[in-house]
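Descriptive structure summary
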Amino acid sequence: MNKKILLVEPAYKTKYPPLGLMKLSTYHKKKGDEVTFVKGCNNNLQYQYWDRIYITTLFTWTWKETVETIKFYRNTLFNIAGKCFVGGILASLMPDELYNATGIIPIIGLLDKPDKIDQDDNINIDTLTPDYDILKQVENTNFQYNYKNSYIGYSTRGCVWNCEFCAVQTFEPTFISYIDIKEWIKEVKEKYGEKQNLLLMDNNVLASKKFDFIIDDILKIGFYKGAKFGNTGKKRIVDFNQGLDPRFLTEDKMKRLAEIPLEPLRIAFDDIRNKDIYIQAVNLAHKYGQKNLSNYILYNFKDDPTDFYERLRINIKLNEEFRKNDYSTKTEIYSFPMRYIPLNAKSRSVHTGNNNWNKKSLRGVRAILNVTKGCVMPGSDFFYQAFGENPDEFESILMMPEEFIMHRVRRKWKKIRNSRKRLMPYVRKWMDTYKDLTPFEKMNLTNILMHNSKEKIISELNNNLSKKLRKLLDYHIKAESIVNRVRR
């Protein structure tokens, strides 16, 4: 007898299609079941009968919305918990907490064994071809997934490292060094039509001893340097979306990567101690004609603002060298700072235990990135204007009122050659006063501002503070009116 299956993705923001649910759809359709996919809590489905409900989860900081979604659909089953299956990243990282909150025993890790969902047919769901058709059930004029025109999958699973800040060891504990992508791509092409691009979600493909086989497979399915998509003339792209590990990037591997249309080459620079390895990897990419590099910069883990600034500046200096020494390749590095959030955090605003950062400095970085739209562009002029000429200036920017950070430069600042004259007058006064502080005064200011609370600032003004500290704190109290008055 055919069953009614409901697949649910909570209504959190995501640009990636839910691969796990897409594979479950393939699994149940092979059995002849009727599959419905929904995003968020849909009242129209609340009183329908479902034989099974599967709910995916993503990041732990989506906790509130995820738990509300699970409870909503569990109620549609009249609290028959055994018919509701919850898996994904959050479920794997926080299974006990999720069970206590919902009464559902989560599925941990990959759907690689049928007994995880109470089945006995020996089908490894994780290896099934994803069902692209279900995406149409939730997309509309207000919501569209990215990467629908891509083959999405894996050529390896897991990672050889066990980094503290990473969830991979919990979700994919075994490193699988090779997955034959040719067959599932052939099946996607036959069922859903040919896709323009190839999106591989491998966590550490360079660690694979069968890396050459993986590149050979990519070439065989038509993703070679200069490949075009059908008769459209559009270029095909390969994207190792989770990034490449510079510790494993040898010249031989870079030479092989240069055979495929890799765009961008994503690479991480998580630790300043890996500076030499990182620079060597970037220079290799440049040597073999890689034009577009996307660099993940982790911060707020075990670093400090100076360390973070230095990693960003290294990219700027590399960009300058590439422009100066080789105009033909035009290699450019775009940095994407990524704030560390603990693996059990139920919201983004949580203290990580790293006292080198505080609420104010983290908000300061966020304010800068709001202006830059999350990306640090390759141009040095842009970087030094956004992040400061040196680590001390960067520190002074982080301690500014948020309104000052976001409205720091004059209109049409690019036409002003003198970097200081580009700054608004209130910013120049702030930076001059901050620069003149003694080390003790700077420490005192940080202790007051670290809570990012105006109430705290106001209360501290009653204490015996130096004239310079009072002036800087007063800027925080009056920042909004100062900015509005000057920019009017």
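Residues numbered from 1 in each chain as written. Predicted model: local features only at pLDDT ≥ 70, side-chain atom pairs only at ≥ 80, totals over all residues. Heavy atoms only, no water.

1. Considerations on the overall build of the chain
When helices and strands are counted, the chain shows 19 helices and 12 strands. Taken over 488 residues, the chain has a buried fraction of 50%. Contacts in the chain between residues at least 24 apart in sequence constitute 73% of all its contacts with a sequence separation of at least 6. Accessible surface for the chain amounts to roughly 24,200 Å². Of this, 50% is attributable to carbon and sulfur atoms. (Helix = DSSP H or I, 4+ residues; strand = E, 2+ residues; numbered from the N terminus. Buried < 20%, exposed > 50% of the residue type's maximum accessible area, 1.4 Å probe, protein only. Contact = heavy atoms within 4.5 Å. Areas by Shrake-Rupley, 256 points an atom, 1.4 Å probe, with all protein chains shown as cover.)

2. So, helix α2 (residues 63–76)
Helix length check: α2, at 14 residues, gives a terminal C-alpha distance of 20 Å against a target of 20 Å (1.5 Å per residue), a fit within 8%. Listing the buried residues of α2 in full gives Trp63, Thr66, Val67, Thr69, Ile70, Phe72, Tyr73, Arg74 and Thr76. Along its buried surface, α2 packs onto β1 (4–9), β2 (34–39), β3 (52–57), β4 (84–88), α3 (89–93) and α4 (95–102). (Expected span 1.5 Å × (residues − 1).)

3. A short note on the sheet that holds strand β9 (residues 238–240)
As summarised here, the arrangement of the three strands in space is β5-β6-β9, forming an open sheet in which the pairing is parallel. Strands at the two margins of the open sheet, each flanked by one partner only, are β5 (150–153) and β9. Averaged over all adjacent pairs, the angle separating strand axes in this sheet is 15 degrees, with direction ignored. In this structure, strand β6 (residues 197–200) lies alongside β9, joined through three bridges in parallel fashion. Each residue of the ladder has a partner; that of leucine 200, found in β9, is phenylalanine 240. (Pairing = 2+ DSSP bridges. Axes fitted to C-alpha atoms, helices over the stretch in contact; angles between N-to-C directions.)

4. Re the state of the cysteines
Counted under the stated rule, the structure contains zero disulfides. Cysteine 84 takes part in no disulfide bond, and the closest cysteine sulfur to it belongs to cysteine 41, at a distance of 12 Å. Taking the relative accessible area as the measure of exposure, cysteine 84 reaches 3% and is therefore buried. We note that cysteine 166 lacks a disulfide partner, and the nearest cysteine sulfur, in cysteine 163, lies 6.2 Å from it. (Disulfide = S-S within 2.5 Å.)

5. Details of the environment of methionine 22
Its location among the elements puts methionine 22 in helix α1 (residues 19–30). Each C-alpha atom of the pair methionine 22 and leucine 128 lies 9.1 Å from the other, and the pair is 106 residues apart in sequence. Setting aside residues up to four positions removed in sequence, methionine 22 forms contacts with Pro17, Thr129, Pro130, Asp131, Tyr132, Ile134 and Leu135.

6. Comments concerning a positive patch on the surface
Residues Lys429, Lys467, Lys471 and Arg485 make up a contiguous surface patch of positive charge. With three residues, the single largest contributor to the positive patch is helix α19 (residues 467–487). Of note, lysine 471 is situated in helix α19. (Patch = residues over 30% accessible without salt bridge, like charges linked within 9 Å, V, L, I, M, F, W, Y side chains within 5 Å. Salt bridge = Lys/Arg side-chain N within 4 Å of Asp/Glu carboxyl O. Lys, Arg positive; Asp, Glu negative; His and termini not counted. Charge placed at Lys NZ, Arg CZ, Asp CG, Glu CD.)

7. Structural notes on the nonpolar core
Counting residues in hydrophobic clusters, the biggest one holds 107 residues, and the most contacted among them are Leu198, Ile218, Phe240, Leu257, Phe387 and Phe404. Leucine 257 has contacts with Leu206, Phe211, Ile215, Phe240, Leu244, Leu249 and Leu262, leaving out every residue within four places of it along the chain. Counting 20 residues, the second-largest nonpolar core is a separate cluster that includes Val8, Val67, Leu77 and Leu90. (Core = buried A, V, L, I, M, F, W, Y, C linked by side-chain atoms within 4.5 Å.)

8. A few points about the pairing of β5
Of the two faces of β5, the one carrying Ser150 and Ile152 and the one carrying Tyr151 and Gly153 are both buried. Inspection of the sheet shows β5 paired to β6 by four bridges, in the parallel sense. Of the residues in β6, the one forming a bridge with tyrosine 151 is leucine 198.

9. Some points on the pattern of salt bridges
The final tally for this structure, using the stated rule, is 34 salt bridges. Here lysine 302 ties to glutamate 164 by a salt bridge, and the two come within 2.8 Å at their closest N and O atoms. Highlighted residues: lysine 302 in the loop between β11 (292–299) and α10 (305–325) and glutamate 164 in the loop between β5 and α5 (168–171), separated in sequence by 138 residues. Lysine 302 sits in the exposed class, given a relative accessible area of 59%.

10. Quick look at unusual backbone geometry
Cis peptide bonds are those with omega within 30 degrees of zero, and the linkage from glutamate 263 to proline 264 qualifies with -5 degrees. Topologically, proline 264 is positioned in the loop between α8 (251–257) and β10 (265–268). Of note, lysine 373 is a non-glycine position whose phi angle comes to about 60 degrees, a positive value. Its identity as a non-glycine residue notwithstanding, lysine 412 has a phi of 55 degrees, on the positive side. Here lysine 412 shows up in the loop between α14 (402–406) and α15 (419–422).

11. Topic: the sheet that holds strand β12 (residues 332–339)
What the three strands build is an open sheet, ordered β10-β11-β12; its pairing is parallel. With partners counted over all chains shown, the strands left at the sheet margins are β10 and β12, one partner each. On average, each strand axis in the sheet is tilted by 25 degrees relative to the strand beside it, whichever way the strands run. Bridge count for β11 against β12 is eight bridges, and the pairing is parallel. Paired with serine 294 across the bridge in β12 is tyrosine 334. Against the sheet, helix α9 (residues 275–287) touches β10, β11 and β12, its axis set at about 170 degrees to β10. Docked against the sheet, α10 engages β11 and β12, running at close to 170 degrees with respect to β12.

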